[in-house]
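Okay, here's what each chain looks like letter by letter:
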Amino acid sequence: MIKILRYTEYLYLIVFFFSVYRVFTDWRIDKNSAYLFIFFAAVSIGMFFFRRNYRRKFEQRKRDNQ
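The rules behind each value
- Just so you know, the residues in each chain are numbered from 1, in the order the chain's sequence is written.
- Local features in a predicted model are, by the rule used here, given only for residues with pLDDT of at least 70; side-chain atom pairs are given and counted only at 80 or more, and totals for whole chains, interfaces and linings are based on all residues.
- Heavy atoms from the whole structure form the basis of all side-chain values; hydrogens and water molecules are not counted.
- Strands are runs of DSSP state E lasting at least 2 residues, helices are runs of H or I lasting at least 4, and numbering of each runs from the N terminus.
- The globule rule is 2.2 Å times the number of residues to the power 0.38, and the radius of gyration it is compared with is taken over C-alpha atoms.
- Accessibility here uses a 1.4 Å probe with only protein chains present; expressed as a share of the type maximum, an area under 20% marks a residue as buried, one over 50% as exposed, and anything in between as partly exposed.
- Two rings from Phe, Tyr or Trp (for Trp, the six-membered ring) form a pair when their centres are within 6.5 Å of each other. A pair whose planes differ by under 30 degrees is stacked, one over 60 is edge-to-face, and the rest are tilted.
- Counted as a polar contact is a pair of N or O atoms within 3.5 Å, where, for protein atoms, one must be capable of donating a hydrogen and the other of accepting one, and residues adjacent in sequence contribute only when both atoms are in side chains.
- Residues are treated as being in contact if the distance between any of their heavy atoms lies within 4.5 Å.
- Patches were defined on residues exceeding 30% relative accessible area and lacking a salt bridge, with like-charge contacts within 9 Å and nonpolar side-chain contacts (Val, Leu, Ile, Met, Phe, Trp, Tyr) within 5 Å.
- For the area figures, the Shrake-Rupley method with a 1.4 Å probe applies, and any residue is considered shielded solely by the protein chains shown.
- We define a salt bridge as a contact between a side-chain nitrogen of Lys or Arg and a carboxyl oxygen of Asp or Glu at a distance within 4 Å.

Participant: I'm lost on the overall build of the protein chain in this one. Help?
Facilitator: Summing up its helical and strand segments, the protein chain has 2 helices and 0 strands in all. Against the compact-globule benchmark of 11 Å for 66 residues, the protein chain has a radius of gyration of 16 Å, which places it well outside the compact range. With the C-alpha coordinates aligned to their principal axes, the bounding extent of the protein chain is approximately 55 × 15 × 10 Å. Of all 66 residues assigned to the protein chain, the portion counted as buried reaches 23%.

Participant: How do you make sense of the packing of aromatic side chains when you look at a structure like this?
Facilitator: To describe a pair of aromatic rings, you give the distance between the ring centres and the angle between the ring planes. By the definition in use, this model includes 6 aromatic pairs. Ring geometry for phenylalanine 48 and phenylalanine 49: centres 5.0 Å apart, planes at 65°, overall edge-to-face. A relative accessible area of 45% places phenylalanine 49 in the partly exposed class. An aromatic cluster of three or more residues is present, and its members are Phe18, Phe37, Phe39 and Phe40.

Participant: How do you make sense of the side chain of glutamate 9 when you look at a structure like this?
Facilitator: Looking at the secondary structure, you find glutamate 9 in helix H1 (residues 2-26). A residue is classified by how much of its surface remains accessible, and glutamate 9, at 1% relative accessible area, is buried. Among the polar contacts made by the side chain of glutamate 9, one reaches the side chain of arginine 55 at a distance of 2.4 Å. When neighbours within four sequence positions are excluded, glutamate 9 is seen to be in contact with Phe48, Arg51, Arg52 and Arg55.

Participant: Before we go on, may I ask you to explain a nonpolar patch on the surface in this structure?
Facilitator: On the surface, a nonpolar cluster with roughly 360 Å² of combined accessible area is contributed by Leu36, Phe39, Phe40 and Val43. Assignment of secondary structure puts phenylalanine 40 in helix H2 (residues 31-65).

Participant: Could you clarify how one ought to interpret the environment of phenylalanine 37 in this entry?
Facilitator: Of note, phenylalanine 37 is situated in helix H2. Using a relative accessible area of 12% as the deciding quantity, one classes phenylalanine 37 as buried. Sequence separation of phenylalanine 37 and phenylalanine 18 is 19 residues, and the distance between their C-alpha atoms is 8.8 Å.

Written out as structure tokens, the structure is:
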């Protein structure tokens with residue numbers, strides 16, 4: 001279960017980097033889609049830190065109960 005949580009963290013980082021890439025490539029062509037990818041980047045980086053914090057608390061609670 002813990003390994004799955006760790007992989008989902010990195011999935012959010014992949015989405016973040018892809019979104020930032022799309023913002024830089026689409027900025028001159030279509031600003032509306034660039035704004036959408038800025039939103040995706042902000043949400044995905046926020047979810048990365050949220051999920052990492054949640055996983056660390058879960059691991060700490062598991063260690064404390066053993």
